[in-house]
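# Observations on the model geometry
The primary structure of each chain is shown beneath.
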Amino acid sequence: MEKQLHLNLLASRPPVPGGLQSGSKMRMGPGRKRDFSPLSWSQYFETMEDVEVENDNGKDISFTAEIYSSGQHGPVLLLLHGGGHSALSWAVFTEVIYNRINCRVVAMDLRAHGDTKVKNSDDLSAETMAKDIGKVVEALYGENPPPIMMIGHSMGGAIAVHTAAANHVPSLLGLCVIDVVEGTAMDALNSMQNFLRSRPKTFKSVENAIEWSVKSGQIRNVESARVSMGGQVKKCEEPLNSPGVSKSIGEVIIEEEEEEEEDGESNHKRKKEDDQEVKKESLYTWQIDLSKTEKYWEGWFSGLSALFLSCPVPKLLLLAGVDRLDKDLTIGQMQGKFQMQVLPQCGHAVHEDAPEKVTLLIYLFLYKHFMLSPNHSPNLDHFIMNA
């Protein structure tokens, strides 16, 4: 009842100019064009730094992790992104939660993602990635880390569970997993390659990638897409007419423009001009080729429900739909082994689509389990009254 009351009080944040709020209608009126220009990380995080992580022997650098952070006091919210994404997928969420709860936010690019540099980028096993998290925490805080709550989305949620189960973060006080459960994930693996092949291989610009992410429904919050997609793509030098280049992104966007405009000749002219412009610019492609990580997929998700239930800390599961809950988790939820909340009308990237609601649910979770007391949060009254 308390959760529902707060959810009913929740109001949308003011949008970034040119963006859309979560839940806003996707179609604009005639003659109006949405702004898909990229937004900088610095509008959402206070700092960005490279954190060098040593090998077990303490002599060599194992990898350099790209870390985005905000805040100096309170519990640490350690944010782990999904496969193919980057720490920037947490940008809008970070701004919302940091402005309303006194906490420290740390979002990292996982290995082979974003700007994290690692010698063996092909090793994406759950065991290796979980060890990475522990090493980054040690590099940041030494032998006495502050209280930490891990929050992971999709693949990042699975890695968070593996990290917690292996006790790589000794000061862990809570665990939040967003829209990943074993049953649904394992069922989806058979069709994952087809899904990856259906995506455009290249984009003519970052703006083009942002536009695709919104119109395809990958990210429903335009503001989040404008800062998040920059971490998912990189420049490539492949010529436009080479065999590996797909033109599907132009076709997708043109189809929607044809629905919104009646002048077919102008559409044809625009496409021709766009194609000519592409030849003058560098193309962009995906930061990581997820199709090549297939051998690790089963290791990420197999046995995940049992591992999640076995973690000896308070647990929160946020889902985009009840159909994602498998048998083990259904039983565990009935036994009160974890809290669960379904956020309808969200896509898979729940924290990007509805950052305000996710913020509120995490605050309530922290408050319930005494990780966040009123003394730690002078802004809570303002948050509840104005959220």
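Under an unreviewed UniProt entry, the name given to the protein is Protein phosphatase methylesterase 1, and the source organism is Oncorhynchus mykiss. According to the UniProt record, the Function (unreviewed entry) comment for the protein is "Demethylates proteins that have been reversibly carboxymethylated. Demethylates PPP2CB (in vitro) and PPP2CA. Binding to PPP2CA displaces the manganese ion and inactivates the enzyme." Taken directly from UniProt, the Subunit (unreviewed entry) text for the protein runs: "Binds PPP2CA and PPP2CB."

## Concerning the overall build of the protein
Regarding its fold elements, the protein presents 15 helices and 12 strands. By residue count, 53% of the 387 residues in the protein fall in the buried class. Restricting the contact set of the protein to residue pairs at least 6 apart, pairs at least 24 apart contribute 74%. For the protein, the computed accessible surface area is about 18,400 Å², with 48% contributed by carbon and sulfur atoms.

## Digging into the pattern of salt bridges
Under the criterion given, the structure shown has four salt bridges. Between Asp35 and Arg226 there is a salt bridge whose closest N-O contact spans 3.2 Å. You can see Asp35 sitting in the loop between α1 (2–9) and β1 (47–54) and its partner Arg226 sitting in helix α7 (residues 222–228), a full 191 residues away along the chain. For Glu211, the salt bridge identified is with Lys215, shortest N-O distance 2.7 Å.

## Things to note about unusual backbone geometry
Excluding glycine, a negative phi dihedral is what most residues carry, and trans is how most peptide bonds are arranged. Positioned with a positive phi, Asp179 is a non-glycine residue whose angle comes to about 50°. By the element assignment, Asp179 lies in the loop between β7 (172–178) and α5 (182–198).

The rules behind these values
- Residues numbered from 1 in each chain as written.
- Predicted model: local features only at pLDDT ≥ 70, side-chain atom pairs only at ≥ 80, totals over all residues.
- Heavy atoms only, no water.
- UniProt positions renumbered as here; feature names shortened; annotations may be inferred.
- Helix = DSSP H or I, 4+ residues; strand = E, 2+ residues; numbered from the N terminus.
- Buried < 20%, exposed > 50% of the residue type's maximum accessible area, 1.4 Å probe, protein only.
- Contact = heavy atoms within 4.5 Å.
- Areas by Shrake-Rupley, 256 points an atom, 1.4 Å probe, with all protein chains shown as cover.
- Salt bridge = Lys/Arg side-chain N within 4 Å of Asp/Glu carboxyl O.

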